[in-house]
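The residues making up each chain are set out below.
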Amino acid sequence: MRTWFITGGTHGGFGMVYAEAALEQGDQVVLTARRPAELREWASRYGDRVLVLPLDVTDGEQVRAAVRTAEERFGGIDVLVNNAGRGWFGSVEGAPDETIRRTFDLNLFAVVEVIRAVLPGMRARGDGWIVNMSSVAGLVGAQGFGYYSAAKFALEGLSESLRHEVEPLGVRVLVVEPGAFRTKAYAGFQDEPVNEVVDAYVPMVEGVKAAFVDHNGKQEGDPERGVRAVISAMNAPVPPQRIVLGNSGYDVVVAMHENALAELRENEKLSRSADF
């Protein structure tokens, strides 16, 4: 029986789907959320195999306290799923400073806090999984979501370095890159104002917002199938380092890599000319 520590536990999101999948296979779950009262009825169905904790992942003290509570309750954390995160639309030039900082605080620095709180226990046991929820936008820049993409690109690089550091210690790292999935991720965009400060980008940002609002509830990705794919990847004889989820995301990422490789080879002579 494994113990999972999952951030971003809200109804209609990936966190809840991870929790239910873990419970279905007989594991224990610590599910964290900003509004834990909303999960009380759900958690009651699973008895003492579920622990719901209040957590704002951008608060380092809360993170460390939640991890200590989880370890005291279950004896250790075997699987960490860094799922909490979201994006705010805006141009690179004209996004408000507050939006930029909030984007990185939630999607990058909070992940660092959780990883650093959980890793000592995993290292001591010589075993563990860290599953970082990135995005296709962490591989292919998304217009109108430049800072979300930047934070996810940074998470990709962090995960690569982390993998090299912790694999010799028995801890594995998997990066998950979903495309558009039918969660509630787009639901809040309808009432979110466009705070773009550079007029030249307002039509673009408004168009990006409208596209997300229109696509809400029509996303092709099935969160339950996506989580099953992640668990299958974790259980594979040779687990992958990363997994893209969804047909459209897969096609976009493959095209990006193929185009990048073609461009790299086209400029090989220039690249090699830079040495002494």
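Asks: Would you mind showing me how to read helix H4 (residues 97–125) here?
Replies: Every α-helix winds through 3.6 residues per turn, so residues three or four apart in the chain are directed the same way. Counted at 1.5 Å a residue, the expected span for H4 with its 29 residues is 42 Å, and the 41 Å between its end C-alpha atoms agrees. Of all the bends in H4, the greatest, near 40°, is centred on Asp105.

Asks: How should the layout of surface pockets be read in this particular structure?
Replies: One simple way to see leftover space: roll a probe sized like a water molecule over the atoms. In this structure, the second largest pocket spans a volume of roughly 180 Å³. Along the walls of the second largest pocket sit Ala180, Phe181, Glu220, Gly221, Asp222, Arg225, Gly226, Ala229, Leu245, Gly246, Asn247 and Ser248, which together make up its complete lining.

Asks: Can you walk me through the sheet that holds strand S2 (residues 28–33) in this structure?
Replies: Pairing between the strands of a sheet comes from backbone hydrogen bonds, and it takes one of two forms, parallel or antiparallel. The sheet built from seven strands is open, its strands ordered S3-S2-S1-S4-S5-S6-S7 with parallel pairing. Only two strands of the sheet have a single neighbouring strand rather than two, namely strand S3 (50–54) and strand S7 (242–245). Here the average twist between neighbouring strands, direction ignored, is 15°. With four bridges connecting them, strand S1 (residues 3–6) and S2 associate as parallel partners. Counterpart to Ile6 in the pairing with S2 is Leu31. Relative to strand S4 (residues 79–82), H4 is tilted by about 175°, and along the sheet it contacts S1, S4, strand S5 (128–133) and strand S6 (171–178).

Asks: Just to check I follow, could you spell out the pairing of S5 for this structure?
Replies: Burial within S5 is extensive, with six of its six residues counted as buried. Residues of S5 alternate between two faces, with Gly128, Ile130 and Asn132 on one and Trp129, Val131 and Met133 on the opposite face, all of them buried. Where S4 and S5 come together, four bridges link them in parallel fashion. What sits directly across from Val79, in S5, is Trp129. Between the parallel pair S4 and S5, the chain is carried across by H4, and the sense of this crossover is right-handed. Inspection of the sheet shows S5 paired to S6 by six bridges, in the parallel sense. The residue of S6 that forms the bridge with Ile130 is Val173.

The rules behind each value
- Residues numbered from 1 in each chain as written.
- Predicted model: local features only at pLDDT ≥ 70, side-chain atom pairs only at ≥ 80, totals over all residues.
- Heavy atoms only, no water.
- Helix = DSSP H or I, 4+ residues; strand = E, 2+ residues; numbered from the N terminus.
- Expected span 1.5 Å × (residues − 1).
- Bend = angle between axes of the 7 residues up to and from the residue.
- 1 Å grid on protein atoms, 1.4 Å probe; cavity = no way out; pocket = protein on both sides within 12 Å on 5 of 7 lines; lining within 4 Å.
- Points joined across faces, edges and corners; volume = space filled by probe spheres on them.
- Pairing = 2+ DSSP bridges.
- Axes fitted to C-alpha atoms, helices over the stretch in contact; angles between N-to-C directions.
- Contact = heavy atoms within 4.5 Å.
- Buried < 20%, exposed > 50% of the residue type's maximum accessible area, 1.4 Å probe, protein only.
- Right-handed = clockwise from strand over helix to strand, strands pointing away.

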